[in-house]
Amino acid sequence: MKELISTAIGVVGSFIAGLFGGWSTGMATLLIFMAVDYLTGLICAGVFKSSAKSKSGGLESRAGWKGLCRKGVTILIVLVAYRLDLLIGTNYIRDAVVIAFCANELISIVENCGLMGLPLPKPIIKAIDVLKNKTEKDDEENE
């Protein structure tokens, strides 16, 4: 039974990874950033009561659900970007979209940390600038 469950999980995981063009470092990074953003948002609201997503600043199930829906749609946009790559014979649209969403998630993480009063190291701030510049450069090249 254990082998059957493991096989089923492997098949489903492989199918999903195949839909997105494989399991890349960018995809793994995006999913990790999404999880960290959601977790820091929960901490910000639940512990520090300083969330900008609710009137009271505290936890609100509707705000959490909206956040999860946004993250789900983000993943769907990455899927669309990969399918566009396939359609027009390129291999950079998905990567550009993933980098842009990683930058967005990182900015959100930084905002959450700021609401908690956590000072951020300069290398992270510089990394955000690099990601922003890379995203803007990719956008200019693709226009």
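The model shown is predicted, which means the values in this text are computed figures rather than measured ones. (Residues numbered from 1 in each chain as written. Predicted model: local features only at pLDDT ≥ 70, side-chain atom pairs only at ≥ 80, totals over all residues. Heavy atoms only, no water.)

So, unusual backbone geometry
Notably, Lys49 is not glycine yet its phi reads approximately 50°, a positive angle. As for its position among the elements, Lys49 is in the loop between helix H2 (25–46) and helix H3 (61–88). (Helix = DSSP H or I, 4+ residues; strand = E, 2+ residues; numbered from the N terminus.)

Focus on the nonpolar core
Phe20, Met27, Leu30, Met34, Ile75, Val78, Ala81, Ile93, Val97, Val98 and Cys102 form the largest nonpolar core, which has 11 residues in total. Only H2, H3 and helix H4 (93–116) provide two or more residues apiece to this core. Looking at this core, the element that brings in the most residues is H4, giving 4 residues. If you look at the next biggest cluster of nonpolar residues, it comprises 5 residues, including Ile99, Leu106, Ile128 and Leu131. (Core = buried A, V, L, I, M, F, W, Y, C linked by side-chain atoms within 4.5 Å. Buried < 20%, exposed > 50% of the residue type's maximum accessible area, 1.4 Å probe, protein only.)

Details of the packing of H2 against H3
The geometry of H2 relative to H3 is characterised by a closest axis approach of 11 Å and an angle of 170° between their N-to-C directions. Relative to H3, the element H2 is oriented roughly antiparallel. Contacts between H2 and H3 involve Met27, Leu30, Leu31, Met34, Asp37 and Tyr38 from the first element and Gly64, Leu68, Lys71, Thr74, Ile75 and Val78 from the second. Grouping the amino acids of the contact of H2 with H3 by side-chain chemistry returns 8 nonpolar, 2 polar and 2 charged. (Axes fitted to C-alpha atoms, helices over the stretch in contact; angles between N-to-C directions. Parallel < 35°, antiparallel > 145°, perpendicular 65-115°, else oblique. Contact = heavy atoms within 4.5 Å. Nonpolar A, V, L, I, M, F, W, Y, C, P; charged D, E, K, R; others polar.)

A closer look at the packing of H3 against H4
Taken N-terminus to C-terminus, the directions of H3 and H4 make an angle of 160°; their axes are 7 Å apart at the nearest point. Here H4 runs roughly antiparallel to H3, going by the angle between their axes. By crossing handedness, the relation of H3 to H4 is classed as right-handed. Residue-level inspection shows Lys71, Thr74, Ile77, Val78, Ala81, Tyr82, Leu84, Asp85 and Ile88 of H3 in contact with H4, the latter providing Ile93, Arg94, Val97, Val98, Phe101 and Glu105. (Left-handed = near helix turned anticlockwise from the far one by under 90°.)

Considerations on H2
For H2, with 22 residues, the first-to-last C-alpha span of 31 Å sits near the 32 Å given by 1.5 Å per residue. Turning to H2, its buried residues are Met27, Leu30, Met34, Asp37, Thr40, Cys44 and Ala45. Down the axis of H2, the smallest arc covering the buried residues is 160°, so these residues share one side. Turned more than 90 degrees away from the buried face of H2, the exposed residues are Thr25 and Ile32. Packing partners of the buried residues in H2 comprise H3 and H4. (Expected span 1.5 Å × (residues − 1). Arc of directions from axis to C-beta.)

All we've got here are geometric facts, nothing functional implied.
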